[in-house]
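Structural features, examined
Here's the letter readout for the chains.
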Amino acid sequence: MKGEKEQREVWISEQIRYVGVDDRQIDLFESQYIVPEGVSYNSYLILDERVALMDTVDARKTGEWLENVKGQLGERKPDYLVISHMEPDHSGSIAAAAAAYPEMKLVGNAKTFSMLAQFFDLDLEGRKVEVSEGECLPLGSHTLQFFMAPMVHWPEVMVAYEQSEKVLFSADGFGKFGALDAKKDWTCEARRYYFNIVGKYGAQVQMLLKKADGLEIEKICPLHGPILTENLSYYIDKYRTWSSYCPEERGVLVAYASIHGHTAQAAREFAEMLREAGEEKVAVADLSRSDVAEALEDAFRYDAMVLASSTYDAGLFPPMAAFLERLRSKNYQKRTVALIENGTWAPAAARLMAQSLESAKEVRILEPRVTIRSSLNDTVRKELRELALAVFGR
Ligand code: FEO
């Protein structure tokens with residue numbers, strides 16, 4: 001018999017249990033995102049006449065996960081493994097699960113099974129249950145209904161809605177960085193997760209939200225982060241805003257790429273000028289040193305961005321070039337941008353930053369663009385003050 005505390009932690013309801021794992025040892029999620037508070041790989045069990053196991057976990061945690069599953073199953077065996085997403089942070093233990101439970105059938109869509117064959121050499125003769133849009137899988141008093149969610153965040157993704165308890169198993173949707181007991185609040189780390197992981201696919205997220213509109217949802221069980229049980233409209237509204245690419249709030253990100261510190265000084269002074277002008281929310285990011293994923297998050301959070309870059313090899317200083325490429329790949333749009341460049345003999349950064357943003361929809365570049373020749377002086381400071389007023393009055 002489980003202790004009360006343990007029961008609280010794993011019981012989503014009497015018949016739906018959490019069997020996921022925290023990974024606090026991982027250095028970089030997807031080999032690129034810092035996760036100071038780790039990440040959780042969520043997995044669930046639905047215990048009914050038939051038992052459904054909802055997704056597996058990263059291969060880093062197979063043993064611990066199988067123990068969790070066994071702990072909740074007791075003497076029972078899962079009838080189904082529902083595979084909502086084939087990215088290895090969730091599919092990494094499929095082969096181990098298929099071997100541990102040889103009678104268990106695997107539930108996915110056509111794309112799931114073609115990806116499964118690419119990742120694993122499994123004999124699935126008689127073990128495949130292929131589902132399509134709207135199809136149901138009865139488990140007893142519980143019924144799972146499947147909805148395809150292509151590109152949220154891979155093409156094979158599907159979500160499952162459990163009809164009797166009104167639970168949405170939302171795949172990566174509504175996920176966040178951080179282990180389950182992480183301190184950082186949902187909005188901050190879910191936003192960083194959303195824009196960096198799913199941000200490119202706003203239109204597809206909107207399509208999924210439309211499908212969710214037709215469902216009465218009481219709980220959301222994502223593949224990362226906490227189970228959402230209250231005030232669901234808050235989370236859904238955030239997803240509506242983020243996926244529309246509209247700014248979440250008024251504010252400015254000042255992102256700089258500086259070689260020897262002069263551009264950094266200009267950016268920091270500029271941020272202060274913005275605050276003096278009355279701007280309440282100003283975030284500053286050193287693109288060489290700070291978490292670029294967080295800078296990208298702030299670029300999407302706020303309605304304005306100021307880029308300050310040194311010129312380097314007649315081009316952009318690489319940290320700025322890389323940041324602009326990230327913004328482009330995540331569909332940065334619908335915002336106001338101001339540019340500050342630095343160059344000792346042939347400044348070109350402002351022109352190149354503007355060029356890089358040319359293909360972004362509804363991005364307005366403010367004038368004047370400010371050029372620093374090596375270091376700040378009173379003339380440049382005056383131009384920066386004018387630019388700060390233009391940004392504040394946007
Ligand atoms: Fe959490 Fe797209 O995997």
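All values reported here derive from a predicted model rather than from experimental measurement.

**Description of the packing of helix α6 (residues 186-198) against helix α8 (residues 232-244)**
- Two numbers describe how α6 lies on α8: the axes approach to 11 Å, and their chain directions differ by 35 degrees. Between α6 and α8 lies a crossing of right-handed hand. Across the interface between the two elements, Trp 186, Thr 187, Ala 190, Arg 191, Tyr 194 and Phe 195 of α6 pack against Tyr 234, Tyr 235, Lys 238, Tyr 239, Trp 242 and Ser 243 of α8.
- Per-class residue counts for the contact of α6 with α8 are eight nonpolar, two polar and two charged.

**Re the nonpolar core**
- Judged by nonpolar contacts, the single largest core of 93 residues is most densely connected at Phe 29, Leu 307 and Phe 323.
- For this core, the leading source of residues is α6, giving seven residues.
- Residues from two domains meet in this core; each of domain 1 (16-244) and domain 2 (252-389) gives at least three.
- For Leu 307, the contacting residues outside a window of four places in its chain are Ala 255, Met 320, Phe 323, Leu 324, Val 337, Ala 338, Leu 339, Ile 340, Met 353 and Leu 357.
- Val 254, Ala 266, Met 273 and Ala 338 belong to the second largest nonpolar core, which has 25 residues in total.

**Brief notes about the packing of aromatic side chains**
- As enumerated under the stated definition, the model contains 20 aromatic pairs in all.
- With centroids separated by 5.7 Å and ring planes inclined at 75 degrees, the aromatic side chains of Tyr 18 and Tyr 44 adopt a geometry described as edge-to-face. Linking Tyr 18 in strand β1 (residues 16-18) with Tyr 44 in strand β6 (residues 44-47), this pair joins segments that are 26 residues apart in sequence. Pair check on accessibility: Tyr 18 and Tyr 44 agree, each one buried.
- Aromatic side chains Tyr 234 and Tyr 235 sit 5.4 Å apart centroid to centroid with 85 degrees between the ring planes, which places their arrangement in the edge-to-face category.
- Note on Tyr 235: relative accessible area 17%, which makes it buried.
- Stacked on the ring of Phe 113, the Lys or Arg Lys 128 has its end atom at 5.1 Å from the ring centre.

**Description of the side chain of Ser 13**
- Relative to the helices and strands, Ser 13 resides in the loop between α1 (4-10) and β1.
- In this structure Ser 13 comes out as buried when scored by relative accessible area, which is 13%.
- Here Glu 165 takes part through its side chain, which lies 2.8 Å from a polar atom of the side chain of Ser 13.
- With residues up to four places along the chain from it excluded, the contact list for Ser 13 reads Glu 165 and Lys 219.

**Here's the deal with the sheet that holds strand β10 (residues 128-130)**
- With respect to topology, six strands assemble into an open sheet ordered β1-β6-β7-β8-β9-β10, the strand pairing being mixed. Where the open sheet ends on each side, the last strands, each with one partner, are β1 and β10. On average, each strand axis in the sheet is inclined to that of its neighbour by 25 degrees, with strand direction left out of account.
- Where strand β9 (residues 105-108) lies against β10, three bridges are found, and the strand directions are parallel. In the strand pairing of β10, Val 107 is matched with Val 129.

**Some remarks on the domain arrangement of the protein chain**
- Looking at the protein chain, the domain boundaries give domain 1 (16-244) and domain 2 (252-389).
- Here the C-alpha centroids of domain 1 and domain 2 sit 38 Å apart.
- Contacts between the two partners involve 12 residues from domain 1, matched on the other side by 12 residues from domain 2.
- In total, domain 1 and domain 2 occlude about 1100 Å² of area from one another, counting both sides; carbon and sulfur atoms represent 47% of this.
- Three residues, Arg 191, Phe 195 and Asn 196, lead the burial of domain 1 against domain 2; their summed loss comes to 45% of the area buried on that side.
- At the boundary of domain 1 and domain 2, one finds two salt bridges.
- With a shortest N-O distance of 3.1 Å, Arg 192 and Asp 291 are connected by a salt bridge.
- Joining domain 1 to domain 2, the criterion identifies six residue pairs in polar contact (both at pLDDT 80 or more).
- Elements with a contribution of two residues or more to the side of domain 1 that touches domain 2: β4 (33-34) and α6.
- By residue number, the principal contributor to the side of domain 1 that touches domain 2 is α6, which donates five residues.

Analysis parameters
- Residues numbered from 1 in each chain as written.
- Predicted model: local features only at pLDDT ≥ 70, side-chain atom pairs only at ≥ 80, totals over all residues.
- Heavy atoms only, no water.
- Axes fitted to C-alpha atoms, helices over the stretch in contact; angles between N-to-C directions.
- Helix = DSSP H or I, 4+ residues; strand = E, 2+ residues; numbered from the N terminus.
- Left-handed = near helix turned anticlockwise from the far one by under 90°.
- Contact = heavy atoms within 4.5 Å.
- Nonpolar A, V, L, I, M, F, W, Y, C, P; charged D, E, K, R; others polar.
- Core = buried A, V, L, I, M, F, W, Y, C linked by side-chain atoms within 4.5 Å.
- Buried < 20%, exposed > 50% of the residue type's maximum accessible area, 1.4 Å probe, protein only.
- Domains from an automatic or database assignment.
- Phe/Tyr/Trp six-rings, centres within 6.5 Å; stacked < 30°, edge-to-face > 60°.
- Lys NZ or Arg CZ within 6 Å of the ring centre and 35° of its normal.
- Polar contact = N/O pair within 3.5 Å; in protein donor to acceptor, adjacent residues only side chain to side chain.
- Pairing = 2+ DSSP bridges.
- Buried area = accessible area lost by both parts, 1.4 Å probe.
- Salt bridge = Lys/Arg side-chain N within 4 Å of Asp/Glu carboxyl O.

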